[in-house]
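Listed here are the chains, written in short residue letters.
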Amino acid sequence: MDQARSTISKIFNGEPHSYTRFNLTQNMEGDNSQVEMKLSSDMDEEVGVNGVGDHLNHNSNRKPYVAQKLGRTPKNLCFMAAATLLIFIIGYLIGYLVHRKKDIAPTCAASIARYDEPVAHETGAAPLMDWDDLKNLLTEKLSAAKFEPVFKELSRVDHRAGSPGDETLANKVMKKFNDYGMSTWTDEHYVKVQDAPASGFNRIKFKNETSKNLEGFLSYSATGTVTGAVLYTYYGQESDLRVLRDKGINQTGRVMLVRAGRISFAEKVANAAKMGAAAVLIYPDPDDYAIGDAATPLFGHVHMGSGDPYTPGFPSFNHTQFPPVQSSGLPKILAQTITAGMATKILRALEGQNEPESWGGLNRLGGENDLITVEVNNVLKEKKINNVFGVIKGFVDADRYVVIGAQRDAWGPGFATSTVGTSVLLELARSISDMVKNDGFKPRRSIVFASWSAGEYGSVGATEWLEGYLSSLSMKAFAYINLDAVVKGQKGFKVGASPLLHGLIESALNEVHFRSGSLFSQYAKGNWESNVLEPLKVDNAAYPFLAFSGIPSVSFGFTSGSSDYQYSGTNLDTRERLNSATGNQVPQLAEISTKFAGQIALRLVHDHLLRMDLTKYDKVIRTHMVHINSKVKAVQRMQPQLLPKALTMQWLISASGSYSRASRNLASDIQNSDLDDIEMCRVINDRIMAVERNFLSPYVSPRDSPFRHILLGSGPHTLKALSTHLEALRIDHPDSDADLFRNQFALATWTIQGCANSLAGDIWSLNNEI
């Protein structure tokens, strides 16, 4: 009691003292809070109640306090009783405030719902706004009419990467982001790209005809002049070239005439180079490209990779700082586009065998006397490009973010290629910004909006950004949503994505209303995965995010059905042509695309735990394992000297089982843990985020094999390549190597096991069964 009385006296009598003050403020840019500690003395202390501070008046002439021994008089007893009551009241108020703060603190308990169940309840990150309210709010912000002025503002005839038109659009995007109240910045790169010759032309000369000048071109082709016999190779796929090989047709030194479509230009050229071709001519066949003008030139690139091929694996900030190197994906043979009219004349004059019936049986393949000369004079240029960014910062995990991006450049008008995607990007940024500023939405994580340049040269702007910040992005960015070419028709709707996002995609298909139902009812009836899902292609801007950086990615869009959009890569990609392909429904389809992308993004930043289904990769691994197992047995049966019986599938089976158990155990950890803890949510989300990244093979160089993902990438390290290598061993192909296969098999197996170990959690929780 004497101590309590002494304390009360000190408070009211103002005894000089020193104190320690801790100021904790949330750091929205990093992982840790800032802790400020100050030491102060008697005259500068501030005391506040409920955030309002009142200065205590200190009398500088006050005499030093002298402790006195007080007797047990009635007056003193009353004073002690009052002090006791005051202490009790203060303690009660402190306890009440602490309890109330705990009740309103953000928690994770809501996130233990199954992936396929809607979460319709209060979340700490978005007070008084459940998921249904949030998605309805997004719907209210968007309308088809709002796209018309954006289309008009962004439409340009010429906005190639690094051009004044590209810079003008970049400034417009930056201004929009600033107008929406977002934090903005730019990312500048100096990249090397290959353009058509500024003076002179690329040319072809068939037999004794006059040499023809060409307007279209393929960036990153080898340059020079070659002469060879024409060989028609359909779409130039590996299967097409195998058909010709099986017919005994020599492909070495030939100039392959290839239809555009089905696979990328780069893949066509790479396949031809493997067969020893001297050059490749690519044309838009009228059956695939009913563009109405046989003289329309075609544009593209043939780098079997993405980004600046002259800085493979590192960013193009300044070429003078790095040694001269080249990507292994640059072709060593000539590649050029020709018009449909030129190709028709060549096909009609060809000799040799008839093409296979499965190809149509209308053309001849070409004989040794069907000589053609190809001259490519493309020039290498250095261009400055700018990526433009805006961010809406999260309120809980600000340093974790989803990236939403669209390319800004195009070969010509590029309305479907870039204008629609950039418009969707801006409308989505406007809507979500408005929800945060005016409607009380508080995303747990951040959303980064990105406008890329040099997309037509192979996702150069996006890839250079990835290369520049790969280490930090792999720990912070948990998803990428690609908005390029989201409207190319209306007959179909296709999605390419990481398996981790398949459950989220299915949910969005069901929740986005379209016409008389939903996207799911319109396009995904029956088996939605077979009707809607498709593999991400190498030339898709989402592909380097997934296969190079290990970031779960999704790309989607309305399509023209089974055929490609006919005006891609031409100067005819205009609003009028896209209106024709969509029945004048471009604004309406852009609105639906924005809602689809918005629902995926909002779900990722709204929920306490990332909605990614880890079990999907279990199915992918098992499918590859079955194929490899059957081919291993075939090789051991037909070529027993190459693969001894000692080589079994036990390693791969065990690694697959480890991943399966780890994914199930994480789901169990979520159910059995105390999730009323923000830090616990963060730990679990980090384990989920590591899965995609850990499927990148650590045993190959980004320079030689940039797409290192062993399940979805490309190169000899992938499980698909193991299956192909086994087929070569089975037929005793001269390029097969049994020792190399065993090494690749072991490394791929351990990559899967390493992913399982990381997913399992702490190192002392692991059970190494290999």
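It should be emphasised that the depicted structure is a prediction, and the values quoted were computed from it without experimental measurement.

### Some remarks on the overall build of the protein chain
Along its length, the protein chain carries 22 helices and 22 strands. Taken across its 770 residues, the protein chain has 52% of its residues classed as buried. Once local pairs closer than 6 in sequence are excluded, the contacts in the protein chain between residues at least 24 apart make up 78%. Counting only carbon and sulfur atoms, one obtains 52% of the accessible surface of the protein chain, whose full area is about 35,200 Å².

### Comments concerning the packing of aromatic side chains
All told, the structure shown has 30 aromatic pairs when counted by the stated rule. Note on Y232 and W359: the rings are 6.1 Å apart at their centroids and 80 degrees apart in plane angle, and the pair reads as edge-to-face. Taken together, the residues span a long stretch of sequence, with Y232 in strand β9 (residues 224–232) and W359 in the loop between α8 (340–349) and β14 (371–376) at a distance of 127 residues. Exposure remark for Y232: the relative accessible area of 0% places this residue in the buried category.

### Here we look at empty space enclosed by the protein
Inspection of every chain in the model, using the stated rule, returns eight cavities of 30 Å³ or more. Roughly 50 Å³ of volume is contained in the second largest cavity. Taken together, I204, K205, F206, E209, K212, M342, K345 and I346 form the lining of the second largest cavity. For the lining of the second largest cavity, the residue count by class is four nonpolar, no polar and four charged.

### Brief notes about unusual backbone geometry
Phi at Y220 takes a positive value of approximately 75 degrees, unusual for a residue other than glycine. Mapped onto the fold, Y220 is located in the loop between β8 (217–219) and β9. The backbone phi angle of D732 is positive, close to 55 degrees, even though this residue is not glycine. In this fold, D732 is placed in the loop between α21 (719–730) and α22 (738–760).

### Let's talk about the sheet that holds strand β11 (residues 279–283)
Read from one edge to the other, the open sheet built from seven strands follows the order β7-β6-β14-β9-β10-β11-β13, with strand pairing classed as mixed. Every interior strand has two partners, whereas the edge strands, β7 (212–214) and β13 (334–337), have only one. The mean angle between the axes of side-by-side strands here comes to 30 degrees, regardless of whether they run parallel or antiparallel. Relative to β13, β11 runs parallel, the two being bridged by four bridges. Directly across from L281, in β13, lies its bridge partner Q336. Most of the contacts of helix α7 (residues 265–274) go to β11, to which it runs at about 145 degrees, and overall it touches β10 (255–259), β11 and β13.

### Some remarks on helix α3 (residues 131–141)
What α3 keeps buried is the set W131, L134, K135, L137, L138 and K141. For α3, the arc enclosing every buried residue in end-on projection is 155 degrees, short of the 170-degree limit, so these residues lie on one face. Where α3 is buried, its residues meet α9 (415–438), α12 (502–511) and α17 (586–606).

### Re the packing of helix α4 (residues 147–154) against α9
The N-to-C vectors of α4 and α9 enclose an angle of 125 degrees; their axes lie 10 Å apart at closest approach. It follows that α4 is oblique to α9 by the angle criterion. When the axes of α4 and α9 are compared, the crossing they make is right-handed. Along its contact with α4, which presents F147, V150, F151 and L154, the element α9 presents F415, T419, V420, T422, S423, V424, L426 and E427. Grouping the constituent residues of the contact of α4 with α9 by class yields eight nonpolar, three polar and one charged.

### Concerning the environment of T337
Take T337: it is sitting in strand β13. Spatially, the C-alpha atom of T337 lies 5.6 Å from that of F217, the residues being 120 residues apart in sequence. Engagement of the side chain of T337 in a polar contact is seen with the backbone nitrogen of F217, the distance being 3.5 Å. At a separation of 2.7 Å, a polar atom in the side chain of T337 contacts the main-chain carbonyl oxygen of L298.

### Remarks on the pattern of salt bridges
Enumeration according to the criterion identifies 33 salt bridges in this entry. Taking the shortest distance from any N to any O, the salt bridge between R203 and E375 comes out at 3.5 Å. With R203 in strand β6 (residues 202–206) and E375 in strand β14, the pair connects residues that are 172 residues apart, well separated along the chain. Judged by its relative accessible area of 23%, E375 is partly exposed. For D399, the salt bridge goes to R682, with nearest N and O atoms at 2.6 Å. You can see D399 sitting in strand β16 (residues 397–407) and its partner R682 sitting in helix α20 (residues 678–694), a full 283 residues away along the chain. We classify D399 as buried; its relative accessible area is 6%. Taken together, the shared-partner salt bridges connect D397, D399, R400, K476, R682 and D686 into one network.

The rules behind each value
Residues numbered from 1 in each chain as written. Predicted model: local features only at pLDDT ≥ 70, side-chain atom pairs only at ≥ 80, totals over all residues. Heavy atoms only, no water. Helix = DSSP H or I, 4+ residues; strand = E, 2+ residues; numbered from the N terminus. Buried < 20%, exposed > 50% of the residue type's maximum accessible area, 1.4 Å probe, protein only. Contact = heavy atoms within 4.5 Å. Areas by Shrake-Rupley, 256 points an atom, 1.4 Å probe, with all protein chains shown as cover. Phe/Tyr/Trp six-rings, centres within 6.5 Å; stacked < 30°, edge-to-face > 60°. 1 Å grid on protein atoms, 1.4 Å probe; cavity = no way out; pocket = protein on both sides within 12 Å on 5 of 7 lines; lining within 4 Å. Points joined across faces, edges and corners; volume = space filled by probe spheres on them. Nonpolar A, V, L, I, M, F, W, Y, C, P; charged D, E, K, R; others polar. Pairing = 2+ DSSP bridges. Axes fitted to C-alpha atoms, helices over the stretch in contact; angles between N-to-C directions. Arc of directions from axis to C-beta. Parallel < 35°, antiparallel > 145°, perpendicular 65-115°, else oblique. Left-handed = near helix turned anticlockwise from the far one by under 90°. Polar contact = N/O pair within 3.5 Å; in protein donor to acceptor, adjacent residues only side chain to side chain. Salt bridge = Lys/Arg side-chain N within 4 Å of Asp/Glu carboxyl O.

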